[in-house]
Amino acid sequence: MFGQNRDQMRQFFLSCWQKFSNNEPLEPLEALVAGVVADHPEYHALLEAGEQAIAKDYLPEDGETNPFLHMGMHITIREQVQTDRPTGIAAAHQQLTMKTGDALTAEHQMQECLGLVLWEAQRSGSMPDEQQYLECVRKLV
């Protein structure tokens, strides 16, 4: 989506938010990113801080959540739902949204499953297990 460079990826978030805030036209991916940012007002000041946001390290041992990772997971989930990959994730998301009352809450719950599957894949040096992920999300419903 953004390449492998952390600073470039973070700059893309900043750029999308700035264009959105200035009512400039957005490409589809920019609109997706800006929509996720719009859903997270707690990160607006950070993104408006510019270079400080790009350079900061977010360390779990310091009790910090990485806002870029968090928003990136929302983007991943929204793209999965849009393409229904893995097959069945769109229906599971819809059911979870109905259960929780809104899509953002459903995505926050799905992030736990996605994070677990990604962590296990990284630990084992393998591809993420899509079926394990789908099963985890279905259990939330």
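No experiment lies behind these values; they were computed from the predicted model shown. For every chain, the first residue of its written sequence is number 1, and the numbers climb from 1 along that sequence. Local features in this predicted model are restricted to residues of pLDDT 70 or higher, and side-chain atom pairs are both shown and tallied only at a pLDDT of 80 or more, whereas totals for entire chains, interfaces and linings draw on every residue. In computing side-chain properties, one takes all heavy atoms of the structure into account and sets aside hydrogens as well as water.

Attention shifts here to the overall build of the chain. Helical segments are the DSSP runs of H or I of at least four residues, strand segments are the runs of E of at least two, and each set is numbered from the N terminus. Across its full length, the chain holds eight helices and zero strands. Of the regular secondary structure in the chain, the N- to C-terminal order runs α-α-α-α-α-α-α-α. Taken over C-alpha atoms, the radius of gyration is set against a globule rule of 2.2 Å times the number of residues to the power 0.38. Its C-alpha atoms give the chain a radius of gyration of 16 Å, within 12% of the compact-globule value 14 Å for 141 residues. In terms of principal-axis extent, the alpha carbons of the chain reach across some 40 × 35 × 25 Å. Whether a residue is buried, partly exposed or exposed follows from its accessible area with a 1.4 Å probe, protein chains only, as a fraction of its type maximum: under 20%, in between, or over 50%, in that order. Residue burial in the chain is summarised as follows: out of 141 residues, 35% are buried. A sequence separation of at least 24 residues applies to 59% of the contacts in the chain between residues at least 6 apart. With residues, only the protein chains shown are counted as cover, and all accessible areas are computed by Shrake-Rupley using a 1.4 Å probe. On the chain, roughly 8300 Å² of surface is accessible, and the fraction owed to carbon and sulfur atoms is 51%. Side chains of the chain carry 10 positive and 21 negative charges; the gap between the two charge centres is 5 Å. Contacts were defined at the residue level, with two residues in contact if any of their heavy atoms lie within 4.5 Å. When charges are tallied, Lys and Arg are placed among the positive residues and Asp and Glu among the negative ones, while His and the ends of the chain are skipped. A charged residue contributes its charge at one atom only: NZ of Lys, CZ of Arg, CG of Asp or CD of Glu.

For the rest of this paragraph, the subject is the side chain of H74. Along the chain, the position of H74 falls in helix α5 (residues 67-83). Of the polar contacts made by the side chain of H74, one reaches the side chain of H40; its length is 3.1 Å. Beyond its immediate sequence surroundings of up to four residues, H74 is in contact with V36, H40, L104, E107, H108 and Q111. Counting of polar contacts relies on pairs of N or O atoms within 3.5 Å, with two restrictions inside protein: one atom must be capable of donating a hydrogen and the other of accepting it, and residues adjacent in sequence are counted only when both atoms are side-chain atoms.

Here helix α1 (residues 6-21) crosses α5 at 75 degrees, and the two axes come no closer than 11 Å. Our classification of the angle between α1 and α5 gives roughly perpendicular. Within the contact between the two elements, α1 uses M9, R10, F13 and L14 and α5 uses F68, M71, G72 and I75. Residue composition of the contact of α1 with α5, grouped by class: six nonpolar, one polar and one charged. Helix axes are fitted only over the stretch in contact, all axes being lines through C-alpha atoms; the angle between N-to-C directions runs from 0 to 180 degrees. Geometric relationships in this document are graded by angle, where less than 35 degrees denotes roughly parallel, more than 145 denotes roughly antiparallel, 65 to 115 denotes roughly perpendicular, and other angles denote oblique. Under this grouping Gly is polar, as are all residues other than the nonpolar Ala, Val, Leu, Ile, Met, Phe, Trp, Tyr, Cys and Pro and the charged Asp, Glu, Lys and Arg.

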